[in-house]
Amino acid sequence: MSDLRIDVEGPVGTLTVDRPAKRNAMTRAMWAAVPGLLAQVVDDVRVLLVTGAGPSFCAGADIGELLGGDDGTDPMAGLRADNLAAQAALRAFPHPTLAVVRGHCIGGGVELAASCDLRFADEGAVFGVTPARIGVVYPPAPTRALVDLVGPATTKWLLFSGELLDAATALRVGLVDEVHPADRLGARAQEFAAVLASRSALTQRATKEVVTALTEGRDAEPLAARRFRETIASGELAEGVAAFAERRRPDFPWGGTARR
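For the chain, an unreviewed UniProt entry supplies the name Enoyl-CoA hydratase/carnithine racemase and the organism Klenkia taihuensis. UniProt, in the comment section headed Sequence similarities (unreviewed entry), describes the chain in these words: "Belongs to the enoyl-CoA hydratase/isomerase family."

On to a nonpolar patch on the surface. The grouping of Phe 228, Ile 232, Leu 237 and Val 241 at the surface amounts to a nonpolar patch, some 390 Å² of accessible area in total. Secondary structure elements with two or more residues in the nonpolar patch: helix 9 (221-233) and helix 10 (236-246). Looking at the secondary structure, you find Leu 237 in helix 10. A relative accessible area of 38% means that Leu 237 is categorised as partly exposed.

Bringing the pairing of strand 4 (residues 97-101) into the picture now. Among the five residues that make up strand 4, five are buried, leaving the element largely enclosed by the rest of the structure. Two strands pair when backbone bridges link them, and strand 3 (residues 47-52) and strand 4 are joined in this way by four bridges, in the parallel orientation. Directly across from Leu 49, in strand 4, lies its bridge partner Leu 98. Where strand 4 lies against strand 6 (residues 118-122), four bridges are found, and the strand directions are parallel. Looking at strand 6, one finds that Ala 99 is bridged to Arg 119.

Here the focus is the packing of helix 8 (residues 201-215) against helix 9. Closest axis-to-axis distance for the helix 8/helix 9 pair is 10 Å, and the angle between their directions is 175 degrees. Between helix 8 and helix 9, the angle is such that the two are roughly antiparallel. Contacts between helix 8 and helix 9 involve Leu 202, Arg 205, Ala 206, Glu 209 and Val 210 from the former and Leu 223, Ala 224, Arg 226, Arg 227, Glu 230 and Thr 231 from the latter. Grouping the constituent residues of the contact of helix 8 with helix 9 by class yields five nonpolar, one polar and five charged.

Let us now look at the domain arrangement of the chain. Segmentation of the chain into domains returns domain 1 (4-197) and domain 2 (200-246). If you look at the interface, domain 1 gives eleven residues, while domain 2 gives seven residues. With both sides pooled, the region where domain 1 packs onto domain 2 buries about 650 Å², and carbon together with sulfur makes up 38% of that total. Three residues, Arg 46, Pro 94 and Arg 144, lead the burial of domain 1 against domain 2; their summed loss comes to 53% of the area buried on that side. Remark: the boundary between domain 1 and domain 2 carries one salt bridge. A salt bridge links Lys 208 to Asp 117, with the shortest nitrogen-to-oxygen separation between them at 2.9 Å. At the boundary of domain 1 and domain 2, one finds seven residue pairs in polar contact (both at pLDDT 80 or more). Taken together, the residues that form the side of domain 1 that touches domain 2 break down as four nonpolar, two polar and five charged.

What counts, and at which threshold
Residues numbered from 1 in each chain as written. Predicted model: local features only at pLDDT ≥ 70, side-chain atom pairs only at ≥ 80, totals over all residues. Heavy atoms only, no water. UniProt positions renumbered as here; feature names shortened; annotations may be inferred. Patch = residues over 30% accessible without salt bridge, like charges linked within 9 Å, V, L, I, M, F, W, Y side chains within 5 Å. Areas by Shrake-Rupley, 256 points an atom, 1.4 Å probe, with all protein chains shown as cover. Salt bridge = Lys/Arg side-chain N within 4 Å of Asp/Glu carboxyl O. Helix = DSSP H or I, 4+ residues; strand = E, 2+ residues; numbered from the N terminus. Buried < 20%, exposed > 50% of the residue type's maximum accessible area, 1.4 Å probe, protein only. Pairing = 2+ DSSP bridges. Axes fitted to C-alpha atoms, helices over the stretch in contact; angles between N-to-C directions. Parallel < 35°, antiparallel > 145°, perpendicular 65-115°, else oblique. Contact = heavy atoms within 4.5 Å. Nonpolar A, V, L, I, M, F, W, Y, C, P; charged D, E, K, R; others polar. Domains from an automatic or database assignment. Buried area = accessible area lost by both parts, 1.4 Å probe. Polar contact = N/O pair within 3.5 Å; in protein donor to acceptor, adjacent residues only side chain to side chain.

Here it is as structure tokens:
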């Protein structure tokens, strides 16, 4: 769709929210399109960048649609379902994901960014989660994502107040991982994406699975043991050790995105 696009260049995919006239506010149709767009490129990329066109990352949901549902007792039901499905699809994407944040990252923008594995921002970025400004009860899934990133107290501060954090504060509390000048952010994101694409896809997949299991309170030992055996059987570990000894870039054999 024209307001949301996904492009692939080499091993790097880029999901772009492309509605700059509305500061990249997300419509229900845009949320609904996210899982399908991710499915289109899952077998073709090693890294996914998520960003916004123009000076803003995403200013949130299109507020004009919040009460547009058919169910009078819950007019946000359809929008909420599509919103949560988009976040879940982004969290479940099997490769490393990196939000590249410029300008406003508000509400649904924070949901997109928090659903990624990592977040890089420019120095002018501002972050906020604003349900208290309009009387929305924030769902558990994005609340949990915030708690995992910034802890209970900062999550409450954000949700209670609806106030904005500047980039420096977002870095300090753990909402973002790196902050760069605006003219440097894009290059830094591409550089880091290239680093990620050069590393072991099996290590990265296992890391995502183990971290998810741990944050959900599940036993990660069987999962880690299975993936470790896979490093032996696939030759991944042998290639990594050989490349280190020979001082060359490894050519890791485990790259098939269909592997689970």
